[in-house]
Amino acid sequence: MTAAAAPEAVTPAAVLTLLVGIERHGPNAPAAVAFRSALRRKGIEADHAGGLRALDVLMDAAAADDPTQADARTAILRAAWADLLPDLAWKAQP
């Protein structure tokens with residue numbers, strides 16, 4: 001009998017590869033849709049392996065990799081991982 005392997009951590013490089021693929025294509029291009037789907041799966045894997053902290057690390061790495069693309073990349077990740085991230089709308093209340 002073999003023991004189940006622990007989930008592998010999702011690397012920033014894997015997420016960056018998918019983000020760059022999305023950036024190269026128009027938002028509705030079939031390739032961009034496929035990259036977003038893969039990005040979604042990576043988010044689920046990261047969440048299972050390390051929870052919100054793992055997602056935060058990946059988002060920070062994506063933003064830090066290219067500061068000129070930081071806002072766009074963060075928006076793509078937030079959209080792809082929307083149901084994995086906490087709802088921060090309540091923090092905006094005075």
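Residues numbered from 1 in each chain as written. Predicted model: local features only at pLDDT ≥ 70, side-chain atom pairs only at ≥ 80, totals over all residues. Heavy atoms only, no water.

Asker: It is not clear to me how the overall build of the chain should be interpreted in this structure. Could you clarify?
Answerer: Counting its secondary structure elements, the chain contains three helices and zero strands. Taken across its 94 residues, the chain has 28% of its residues classed as buried. Within the chain, residue pairs in contact and separated by at least 24 positions form 57% of the contacts whose partners lie at least 6 positions apart. Carbon and sulfur atoms provide 60% of the accessible area of the chain, an area that totals close to 6,100 Å². (Helix = DSSP H or I, 4+ residues; strand = E, 2+ residues; numbered from the N terminus. Buried < 20%, exposed > 50% of the residue type's maximum accessible area, 1.4 Å probe, protein only. Contact = heavy atoms within 4.5 Å. Areas by Shrake-Rupley, 256 points an atom, 1.4 Å probe, with all protein chains shown as cover.)

Asker: Is there a simple way to think about the packing of helix α1 (residues 12-24) against helix α2 (residues 30-65) in this case?
Answerer: The geometry of a pair of packed helices is captured by two quantities: the angle between their axes and the separation between those axes. Relative to each other, α1 and α2 sit at 140°, their axes nearing to 8 Å. In terms of axis orientation, α1 runs oblique to α2. In terms of crossing hand, the pair formed by α1 and α2 is left-handed. Listed contacts from α2 to Pro 12, Ala 14, Val 15, Leu 16, Leu 18, Leu 19, Gly 21 and Ile 22 of α1 are Ala 32, Phe 35, Arg 36, Ala 38, Leu 39, Lys 42, Leu 58, Ala 61, Ala 62 and Asp 65. Split into classes, the residues belonging to the contact of α1 with α2 amount to 14 nonpolar, one polar and three charged. (Axes fitted to C-alpha atoms, helices over the stretch in contact; angles between N-to-C directions. Parallel < 35°, antiparallel > 145°, perpendicular 65-115°, else oblique. Left-handed = near helix turned anticlockwise from the far one by under 90°. Nonpolar A, V, L, I, M, F, W, Y, C, P; charged D, E, K, R; others polar.)

Asker: What is the right way to read the nonpolar core from this model?
Answerer: Grouped burial of nonpolar side chains is what soluble globular proteins tend to show. Core analysis: the biggest nonpolar cluster contains 19 residues, and Val 15, Leu 19, Leu 39, Leu 55, Leu 58, Leu 77 and Trp 81 have the highest contact counts within it. When residues of this core are traced back to their parent elements, those giving at least two are α1, α2 and α3 (70-80). When near neighbours in sequence (up to four residues on either side) are disregarded, Trp 81 contacts Val 15, Leu 39, Arg 40, Gly 43, Leu 55, Leu 58 and Met 59. (Core = buried A, V, L, I, M, F, W, Y, C linked by side-chain atoms within 4.5 Å.)

Asker: What am I meant to see in the packing of α1 against α3 here?
Answerer: Axis separation between α1 and α3 bottoms out at 11 Å; the angle between their running directions is 105°. Relative to α3, α1 is oriented roughly perpendicular. Contacts between α1 and α3 involve Val 15, Leu 16, Leu 19, Val 20, Ile 22 and Glu 23 from the first element and Arg 73, Ile 76 and Leu 77 from the second. Tallied by class, the residues present in the contact of α1 with α3 amount to seven nonpolar, no polar and two charged.

Asker: Just checking my understanding: could you explain the pattern of salt bridges for this structure?
Answerer: Any two side chains of opposite charge can pair, so long as their charged atoms come close to each other. Counted by the stated rule, this structure contains four salt bridges. Across the salt bridge formed by Glu 23 and Arg 73, the nearest N and O atoms sit 2.7 Å from each other. Within this pair, whereas Glu 23 is found in helix α1, its partner Arg 73 is found in helix α3, the two being separated by 50 residues in sequence. Judged by its relative accessible area of 3%, Arg 73 falls in the buried class. One salt bridge in this structure joins Lys 42 and Glu 45, with 3.7 Å as the shortest N-O distance. Highlighted residues: Lys 42 and Glu 45, both in helix α2, separated by three residues, approximately one helical turn. (Salt bridge = Lys/Arg side-chain N within 4 Å of Asp/Glu carboxyl O.)

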